[in-house]
Amino acid sequence: MRITKNITIGQLLEMDPEIGNILTEIGMHCIGCPSARNETLEQAAEVHGMDADDLIEDIKGFLGA
């Protein structure tokens, strides 16, 4: 699955549950909330005042490690 701004938090967590650790470390503590799981990565980044592209790169780096 390709990681884009349109991927949902739920899809990311299904891809690798450990991605949740990255998200909580940067302040996204609501990843377990059912409504948050349906947010896109871009929406979640916007709500938390983050750049979605930077977040994508962090996740890709984690998955590549």
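For the structure, see preceding data.
The following refers to the structure shown. (Residues numbered from 1 in each chain as written. Predicted model: local features only at pLDDT ≥ 70, side-chain atom pairs only at ≥ 80, totals over all residues. Heavy atoms only, no water.)

What follows deals with the nonpolar core. In terms of nonpolar packing, the biggest core is built from 16 residues, with I3, I9, L12, L23, L41, L55 and I59 touching the most fellow members. Sorting the residues of this core by element identifies α1 (9-15), α2 (19-25), α4 (41-47) and α5 (52-64) as the ones contributing at least two each. The element best represented in this core is α5, accounting for 4 residues. Aside from chain neighbours lying at most four places away, what touches L12 is I3, I7, I19, L41 and I59. (Core = buried A, V, L, I, M, F, W, Y, C linked by side-chain atoms within 4.5 Å. Buried < 20%, exposed > 50% of the residue type's maximum accessible area, 1.4 Å probe, protein only. Helix = DSSP H or I, 4+ residues; strand = E, 2+ residues; numbered from the N terminus. Contact = heavy atoms within 4.5 Å.)

Another point: the pattern of salt bridges. Tallying each qualifying case throughout the model produces 1 salt bridge. Taking the shortest distance from any N to any O, the salt bridge between D53 and K5 comes out at 3.6 Å. Of this pair, D53 sits in helix α5 while K5 sits in the segment before α1, and the two are 48 residues apart along the sequence. Judged by its relative accessible area of 29%, K5 falls in the partly exposed class. (Salt bridge = Lys/Arg side-chain N within 4 Å of Asp/Glu carboxyl O.)

A cluster of like negative charges, contributed by D51, D54, E57 and D58, occupies part of the molecular surface. Of note, D58 is situated in helix α5. Since its relative accessible area comes to 45%, D58 is described here as partly exposed. (Patch = residues over 30% accessible without salt bridge, like charges linked within 9 Å, V, L, I, M, F, W, Y side chains within 5 Å. Areas by Shrake-Rupley, 256 points an atom, 1.4 Å probe, with all protein chains shown as cover. Lys, Arg positive; Asp, Glu negative; His and termini not counted. Charge placed at Lys NZ, Arg CZ, Asp CG, Glu CD.)

A few words now on the side chain of T8. Residue placement: T8 occurs in the segment before α1. What makes T8 buried here is its relative accessible area of 18%. In this structure T8 touches R37, N38, E39 and T40, once residues within four positions along its chain are discounted.

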